[in-house]
Amino acid sequence: MELPKKYSFEESEKKWAEYWKKKKVYRYDEKSEKPVFSIDTPPPTVSGNMHIGHAFSYAQGDIVARYHRMAGKNLFYPYGTDDNGLATERLVEKLKKVNSKSMKRDEFRDLCMKTLEEIKPDFTSDWVKIGVSADFEGSYSTIDNHCIKTSQKSFLDLYKKGHVYTEESPVSWCVHCQTAIAQAEFENVDMTSHFNNVIFKQGSKELVIATTRLELLPACVALFAHPDDERYKDLKGKFARVPLFDYEVPILYDENVDMEKGTGLMMVCTFGDKDDVFKWHKYKLPLKTAITIQGKMNDEAKGYEGLPIKEARKKISEDLERQGLLVSKKDITHAVNVHERCGTEIEILKTKQWFIRVLDKKQELIGAAEKIKWHPEFMKKRYVHWVENLQWDWCISRQRHFGVPFPVWYSKKTGEIILADEDQLPVDPLSDKPKTLPKGHTYEDIIPEEDVMDTWNTSSLTPQIALGWAENDSKYKKVYPMSVRMQAHDIIRTWAFYTIVKGLYNSNDIPWKNIMVSGFVLDPKGDKMSKSKGNIIMPQEVIGKYGADGLRYWAAGSKLGEDMSFQEKDVVTGKKTVTKIWNASKFTIMNLKDYNAKPLKELELKDLRVMDKWIVSKVMRAVKNATESFESYEYSRSMRETDVLFWHKFCDNYLEFVKHRTYEAKDEKSKLAAQKTLYYSLLSILKMFAPVMPFITEEVYQVYFKGVEGFESIHVSDWPSFNKKLLFEKEEKAGDLAVRVVSDIRKHKSEKGLSLKTELGRVEVSCSDEDKKLLELVVEDVKAVGNVKEFVFSKGKELTTKIN
């Protein structure tokens with residue numbers, strides 16, 4: 001069967017995506033005896049459309065997945081979506097024009113679930129379109145009953161093991177989202193502000209404090225100096241009066257005060273930063289909260305009640321200046337922690353929250369990283385650095401509507417925590433009751449926990465979710481820990497860290513043996529993409545213009561962990577490669593019309609000519625290098641190997657060398673050897689390209705090779721195997737020399753403006769005796785390709801070609 005004249009990626013990509021789904025090509029086979037290769041796939045947040053970073057990272061992961069499937073592994077490659085986070089809440093509020101805080105929790109949750117059902121098919125279709133070979137039929141949602149049960153079982157398990165606790169303590173708080181947030185959700189950004197020198201009074205003495213947070217003056221609970229600071233030694237045991245708010249605070253001493261910063265005096269408020277929290281604990285200072293959970297000043301800030309934080313800051317500055325209490329005000333730019341979801345500056349408020357202990361397990365968590373192979377290796381340092389610098393336990397509770405409920409109730413009488421029984425999970429304490437009550441209690445004596453879990457508390461369980469840990473599935477016992485986690489480097493501090501925590505705490509082992517970490521996509525100038533800059537690249541548009549294979553080719557050009565700017569020319573090269581594969585396949589299959597092809601288990605060497613052995617040897621070397629590269633997750637090196645083999649060895653040279661043997665061939669044995677080699681070489685190249693460009697390779701395979709090889713898809717066929725017997729050093733050297741001479745002939749014709757078909761009268765090659773012996777093996781091939789009438793040799797040290 002011949003290939004059509006042109007390849008239509010629009011038709012082909014849709015056709016093969018449907019075919020793979022219909023034939024269940026990517027289903028995990030529980031009965032298979034093959035070794036399992038399991039992938040912990042990142043569940044994308046359903047908050048709009050796939051972005052270019054998704055396409056980049058998932059394509060790289062899928063390239064590795066496809067290789068292992070062809071390399072004889074039974075792939076367990078689940079797909080899921082992360083649906084219970086703040087991003088989903090915000091999306092539903094935007095799409096449905098509602099405010100979650102003004103709705104009942106069950107009503108808003110029902111609206112979220114309905115909205116997800118509406119938008120998820122379109123969202124997921126983007127992953128299908130880029131050729132992700134996950135099992136979409138067995139997909140999960142982090143808010144479905146299975147995931148809720150898994151997350152709640154994890155919580156109960158950690159509670160019983162003593163890893164979980166609840167307390168009212170200072171936590172990071174987003175006043176915009178009105179919820180507690182974890183340290184991993186911080187983003188450090190530069191902001192403009194003012195460094196204010198403010199006068200506190202100690203009797204008749206003026207003490208100057210430097211601060212950027214004037215709105216926290218009503219929350220000031222102490223002043224601190226360094227015990228060795230001579231300027232303030234006489235203040236021991238004395239008090240200072242807070243400006244504007246006219247109350248006294250003690251002056252204390254601590255060795256951690258920086259004498260060089262500002263005036264050497266610092267005020268401690270409850271709370272401006274982690275240092276305030278530390279000193280508040282250490283010195284048992286009182287609590288004065290001046291900011292509400294809505295981000296407005298409260299009754300502690302007399303005269304400023306109800307003002308938003310920034311307005312209060314401005315008004316207090318004006319009042320200080322009016323009363324002569326503001327010594328100076330300096331414009332600065334400084335790093336500020338903001339909530340990564342909304343960009344709002346983070347406050348520290350004392351609220352009741354649930355926590356998972358991690359600070360007391362730092363060494364164990366760092367030790368876990370040593371048991372995992374990191375690809376690339378340097379990414380492990382990011383994880384270790386994150387763990388070493390943790391300052392907070394993991395806050396897992398959120399004050400939101402849409403999330404996994406805590407399986408917890410409280411006693412009205414004693415405050416005792418009442419846990420759900422594991423066999424009643426999943427449970428919602430707002431509507432369900434505990435199976436077991438404390439002695440002397442009725443259902444009237446209990447109240448439900450209203451907070452929900454942080455989305456990371458559930459998505460950190462993706463291995464347990466996918467493998468059925470909560471149901472004691474046999475798959476979990478067989479497959480855990482999983483083979484590999486695929487993710488981007490920006491979520492090492494969240495998804496990687498949290499999953500390792502849950503792996504150690506819930507499953508007593510690391511969650512995976514390997515982790516592959518991709519980089520970021522930058523705009524063509526190397527800048528970070530953002531809507532405000534207007535430099536967003538939409539993968540849907542790229543696919544529409546160049547096809548999914550073109551986009552995947554671009555993604556494969558970047559090493560793991562490497563940030564890469566989006567250059568359209570790289571996608572264009574991918575599309576050109578698709579076209580070249582089509583045309584080269586067309587030529588090859590056309591020359592295999594009368595070839596009696598058989599399944600290629602091992603290449604028969606009988607009657608192979610020198611140039612046949614040359615390309616076979618080149619294929620073998622490429623297979624060896626590509627396989628080794630894939631085994632070490634270096635897919636980009638594998639692609640480069642395949643690229644060079646295809647473009648420069650197979651297309652530019654071998655196809656030209658065999659034309660005279662297949663067109664009007666007089667020697668049937670020579671023609672048959674050429675056909676055998678064409679079949680072997682093209683099929684090997686298609687297989688090597690298949691992980692990167694699944695659609696074009698499937699198209700060619702289905703048209704010709706499936707009928708011979710018998711596999712349902714090229715993606716479940718065997719990866720080319722390395723065979724030492726197919727390395728022919730002498731023939732390789734001879735072929736390389738033939739390529740050099742033919743290159744000289746082509747260059748000569750090009751420089752003279754001659755057609756490549758123009759006959760040359762005489763070509764003289766000057767070379768060593770050793771090279772002469774090798775070239776004599778391929779003289780007829782060189783004469784045929786170069787259309788040379790007479791070919792002669794002369795003695796010389798270096799190979800040179802003289803053309804008359």
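Draft legend 1. Inspection of helix α14 (residues 539-546) at higher detail. Along α14, the residues classified as buried are Pro-539, Val-542, Ile-543 and Tyr-546. Down the axis, α14 shows its buried residues gathered within 95° of arc, on one side only. Across from the buried face of α14, at angles greater than 90 degrees, the exposed residues are Glu-541 and Gly-544. Buried residues along α14 sit against α1 (9-22), α2 (52-70), α15 (548-556) and α16 (568-590). Just past α14, the residue Gly-547 takes up positive phi, approximately 90°.

Draft legend 2. Representation of the packing of helix α9 (residues 379-388) against helix α13 (residues 492-507) within the structure. Taken N-terminus to C-terminus, the directions of α9 and α13 make an angle of 80°; their axes are 10 Å apart at the nearest point. Considered as vectors, α9 and α13 are oriented roughly perpendicular to each other. On α13, the residues that touch Met-379, Arg-382, Tyr-383, Trp-386 and Val-387 of α9 are Ile-492, Arg-493, Phe-497 and Ile-500. Residues that form the contact of α9 with α13 fall into these classes: seven nonpolar, no polar and two charged.

Draft legend 3. Quick peek at the packing of aromatic side chains. Counted by the stated rule, this structure contains 38 aromatic pairs. When the ring of Tyr-165 is compared with that of Phe-355, the centres are 5.2 Å apart and the planes differ by 15°; the resulting orientation is stacked. Residue Tyr-165 is located in strand β5 (residues 164-174), and its partner Phe-355 is located in strand β14 (residues 347-356); the two are separated by 190 residues in the primary sequence. The buried category is assigned to Phe-355, whose relative accessible area is 5%. Centre to centre, the rings of Trp-456 and Tyr-498 are 6.3 Å apart; their planes meet at 55°, and the pair counts as tilted. Placement of the pair is Trp-456 in helix α10 (residues 455-459) and Tyr-498 in helix α13, with a sequence separation of 42 residues. With relative accessibility at 12%, the residue Trp-456 sits in the buried group. The exposure class assigned to Tyr-498 is buried, which follows from its relative accessible area of 3%. An aromatic cluster of three or more residues is present, and its members are Trp-374, Tyr-383, Trp-394, Trp-456, Phe-497 and Tyr-498. Between the NZ or CZ atom of Lys-279 and the centre of the ring of Phe-224, over which it lies, the distance is 5.8 Å. Here the basic side chain of Lys-613 rests over the ring of Phe-728, its NZ or CZ set 5.2 Å away from the ring centre.

Draft legend 4. Examining the pattern of salt bridges more closely. For the structure shown, the criterion picks out 55 salt bridges. Arg-485 is the partner of Asp-40 in a salt bridge, and the nearest nitrogen-oxygen pair spans 2.6 Å. Here Asp-40, found in strand β1 (residues 36-40), pairs with Arg-485, found in strand β22 (residues 482-488); they are 445 residues apart in sequence, far enough to count as distant. By relative accessible area, Asp-40 is classed as buried at 2%.

Draft legend 5. Quick peek at the nonpolar core. Of all hydrophobic cores here, the largest spans 195 residues; its most connected members are Tyr-383, Phe-497, Trp-554 and Phe-650. Once residues within four sequence positions are removed from consideration, Tyr-383 is found in contact with Leu-365, Ile-366, Ala-369, Trp-374, Ile-492, Phe-497 and Ile-500.

Draft legend 6. How the structure looks around the sheet that holds strand β27 (residues 788-795). Spatial strand order, β27-β26-β28: three strands in an open sheet with mixed pairing. At either end of the open sheet lies a strand with only one pairing partner, and these are β27 and β28 (800-803). Sheet twist, expressed as the mean angle between neighbouring strand axes with direction ignored, is 25°. Summarising the sheet, strand β26 (residues 760-767) and β27 pair through seven bridges and their orientation is parallel. Each residue of the ladder has a partner; that of Arg-762, found in β27, is Glu-790. Seen against the sheet, helix α23 (residues 779-786) touches β26 and β27 and runs at an angle of roughly 130° to β27.

Draft legend 7. Geometry of unusual backbone geometry. Cis rather than trans, the peptide bond between Leu-425 and Pro-426 has omega equal to 0°. Among the secondary structure elements, Pro-426 is positioned in the loop between β19 (417-419) and β20 (446-448). Cis peptide bonds are those with omega within 30 degrees of zero, and the linkage from Tyr-480 to Pro-481 qualifies with 0°. The phi angle at Asn-508 is positive, at roughly 60°, despite the residue not being glycine. In this structure, Asn-508 sits in the loop between α13 and β23 (512-518). Assessed through its relative accessible area of 63%, Asn-508 is described here as exposed. Despite not being glycine, Tyr-633 shows a phi value in the positive range, around 65°. Along the polypeptide, Tyr-633 turns up in the loop between α17 (610-631) and α18 (635-662). Using a relative accessible area of 5% as the deciding quantity, one classes Tyr-633 as buried.

Draft legend 8. Region of the structure containing the packing of helix α19 (residues 668-689) against helix α20 (residues 694-709). Remark: α19 packs on α20, axes separated minimally by 11 Å, with the N-to-C direction vectors making an angle of 135°. Comparing the axis directions of α19 and α20 gives the class oblique. α20 is crossed by α19, and the crossing has left-handed handedness. Residues Tyr-679, Leu-682, Leu-683, Leu-686 and Phe-689 of α19 lie in contact with α20, whose contacting residues are Thr-697, Val-700, Tyr-701, Tyr-704, Phe-705, Val-708 and Glu-709. Residues belonging to the contact of α19 with α20 are distributed by class as follows: ten nonpolar, one polar and one charged.

Draft legend 9. Quick peek at the layout of surface pockets. Its boundaries defined by the atoms lining it, the second largest pocket holds a volume of some 1,300 Å³. Lining the second largest pocket are 48 residues; nearest its centre among them are Thr-212, Arg-213, Gly-272, Asp-273 and His-334. Per-class residue counts for the lining of the second largest pocket are 17 nonpolar, 18 polar and 13 charged.

Draft legend 10. Structural detail: empty space enclosed by the protein. Scanning the model with the defined rule gives four cavities of 30 Å³ or more in all. What lines the largest cavity is a set of 16 residues, among which Ala-182, Gln-183, Trp-392, Asp-393 and Trp-394 lie closest to the centre. The set of elements that each furnish at least two residues to the lining of the largest cavity consists of β5, β16 (394-395) and α13. Of the residues contributing to the lining of the largest cavity, the split by class is 13 nonpolar, two polar and one charged. The wall of the second largest cavity is formed by 13 residues, among which Leu-86, Glu-185, Arg-398, Asp-454 and Thr-455 lie closest to the centre. The residue inventory of the lining of the second largest cavity, partitioned by class, reads three nonpolar, four polar and six charged.

Criteria and thresholds
Residues numbered from 1 in each chain as written. Predicted model: local features only at pLDDT ≥ 70, side-chain atom pairs only at ≥ 80, totals over all residues. Heavy atoms only, no water. Buried < 20%, exposed > 50% of the residue type's maximum accessible area, 1.4 Å probe, protein only. Helix = DSSP H or I, 4+ residues; strand = E, 2+ residues; numbered from the N terminus. Arc of directions from axis to C-beta. Contact = heavy atoms within 4.5 Å. Axes fitted to C-alpha atoms, helices over the stretch in contact; angles between N-to-C directions. Parallel < 35°, antiparallel > 145°, perpendicular 65-115°, else oblique. Nonpolar A, V, L, I, M, F, W, Y, C, P; charged D, E, K, R; others polar. Phe/Tyr/Trp six-rings, centres within 6.5 Å; stacked < 30°, edge-to-face > 60°. Lys NZ or Arg CZ within 6 Å of the ring centre and 35° of its normal. Salt bridge = Lys/Arg side-chain N within 4 Å of Asp/Glu carboxyl O. Core = buried A, V, L, I, M, F, W, Y, C linked by side-chain atoms within 4.5 Å. Pairing = 2+ DSSP bridges. Left-handed = near helix turned anticlockwise from the far one by under 90°. 1 Å grid on protein atoms, 1.4 Å probe; cavity = no way out; pocket = protein on both sides within 12 Å on 5 of 7 lines; lining within 4 Å. Points joined across faces, edges and corners; volume = space filled by probe spheres on them.

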